[in-house]
Amino acid sequence: MSRNPDSELKPTKDNRRGFSRRGLLQSIGVTGAVAPALLEQTAKAQTPVGVMGPGAVPITLNINGKPAKVSVEPRETLLDVLRDKLDLTGAKRVCDRGTCGACSVLVNGKVMYACTILAIDAQGKQITTIEGFALSGGRPHPVVTAFVNNDAQQCGYCTPGFVVAAKAFLDANPNPTYEQVKDGLGGNLCRCGTYVGVRKAVLDAAKAMKGGSNA
Ligand code: FES
Ligand code: FES
């Protein structure tokens, strides 16, 4: 006998009840006052140790080599906290959903989108923002100088994210080709379209960081 597939897909009164909490408890013989107690116990057993929040909690972040004490709600992103609570506004909020790179920061030396990291998860990590290296000893970092010399910005909103990504890229790839720069900075978007200038700036900075004209 052939089976009617529709009869298996559509929820019926019977099969809906089959998956209900009441049905489950009844089927294992748990009723009345025992059920809430059992559910409460199960919930407690599943609560991970060390959960923070939901209200604001004090945390310490390591930012640009210094500890920063701040009170955050667990839902707050690192980007929110940097910009709104620590006055570090170099990382920009553009898409706020991990697609444009304007909020790029270094976390333990790797480029990450600050809008995709919860501040409480950044505890114990070394966070570097553009404020941490753009000027050192009163001199601009070679990547910053190269961006200026190559006209690598228009509105400038994407620029801090590009500079952070370029620094990390050059630290890992000191002798890149143009194509490698293009791929390496593929996680950053510029709505003004300054990509050619940015790539030339990164090649220029690579030379400078090896003792060339901008060093
Ligand atoms: S603002 Fe974070 S990736 Fe766009
Ligand atoms: S310079 Fe305007 S978004 Fe890149």
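See above for the structure.
Residues numbered from 1 in each chain as written. Chains lettered and ligands numbered in written order. Predicted model: local features only at pLDDT ≥ 70, side-chain atom pairs only at ≥ 80, totals over all residues.

Peer 1: Quick one: what's the story with the pairing of strand E2 (residues 66–72), residue by residue and with numbers?
Peer 2: Sheet topology note: the strand E1 (residues 57–63)/E2 ladder contains 7 bridges and is antiparallel. If you follow Thr 60 over to E2, its bridge partner there is Lys 69. Counted between consecutive antiparallel strands, the loop separating E1 from E2 contains 2 residues, among which Asn 64 sits at a positive phi close to 50°. (Pairing = 2+ DSSP bridges. Helix = DSSP H or I, 4+ residues; strand = E, 2+ residues; numbered from the N terminus.)

Peer 1: Give me the lowdown on the pairing of strand E4 (residues 110–113), citing residues and values where you can.
Peer 2: As judged from the 4 bridges shared by strand E3 (residues 104–107) and E4, these two strands associate in the antiparallel manner. In the strand pairing of E4, Val 107 is matched with Lys 110. Hairpin connection of E3 to E4: 2 residues between the antiparallel strands, including Asn 108 at a positive phi of 50°.

Peer 1: Would you mind going over the environment of Glu 179 in detail, with residue names and values included?
Peer 2: Mapped onto the elements of the fold, Glu 179 is located in helix H8 (residues 178–184). Looking at Glu 179, the number of C-beta atoms within 10 Å reads 9, which means it is exposed. Taking the C-alpha atoms as reference points, Glu 179 and Arg 199, 20 residues apart in sequence, are found 8.9 Å from one another. (Buried ≥ 20, exposed ≤ 12 C-beta atoms within 10 Å, placed from the backbone.)

Peer 1: So what's going on with helix H6 (residues 142–149)? Which residues, and what values?
Peer 2: Along H6, the positions that sit buried rather than exposed are Pro 142, Val 143, Val 144, Ala 146 and Phe 147. Looking at the buried side of H6, the elements it contacts are strand E7 (139–140), helix H7 (159–172) and helix H9 (195–209). The first or second residue beyond H6 is Asp 151, which carries a positive phi of 50°. (Contact = placed C-beta atoms within 7 Å.)

Peer 1: I'd love a proper account of the packing of H6 against H7, names of residues and values included.
Peer 2: With their axes 9 Å apart at the nearest point, H6 and H7 run at an angle of 125° to one another. Compared by their axis directions, H6 and H7 come out oblique. The hand of the H6/H7 crossing is right-handed. Every residue of H7 that contacts H6 at Val 143, Val 144 and Phe 147 is listed here: Thr 159, Val 163, Ala 166, Lys 167 and Leu 170. For the contact of H6 with H7, the residue count by class is 6 nonpolar, 1 polar and 1 charged. (Axes fitted to C-alpha atoms, helices over the stretch in contact; angles between N-to-C directions. Parallel < 35°, antiparallel > 145°, perpendicular 65-115°, else oblique. Left-handed = near helix turned anticlockwise from the far one by under 90°. Nonpolar A, V, L, I, M, F, W, Y, C, P; charged D, E, K, R; others polar.)

Peer 1: A description of the packing of H6 against H9 should follow, citing residues and the corresponding values.
Peer 2: The contact between H6 and H9 brings their axes to 8 Å, and the two run at 135°. On the basis of the axis angle, H6 is oblique to H9. Seen along the crossing, H6 lies across H9 with a hand that is right-handed. Counted together, Pro 142, Val 143, Thr 145, Ala 146, Phe 147 and Asn 149 of H6 and Ala 201, Asp 204, Ala 205, Ala 208 and Met 209 of H9 form the full contact between these two elements.

In short, the description is geometric, and any link to function would need to be established separately.
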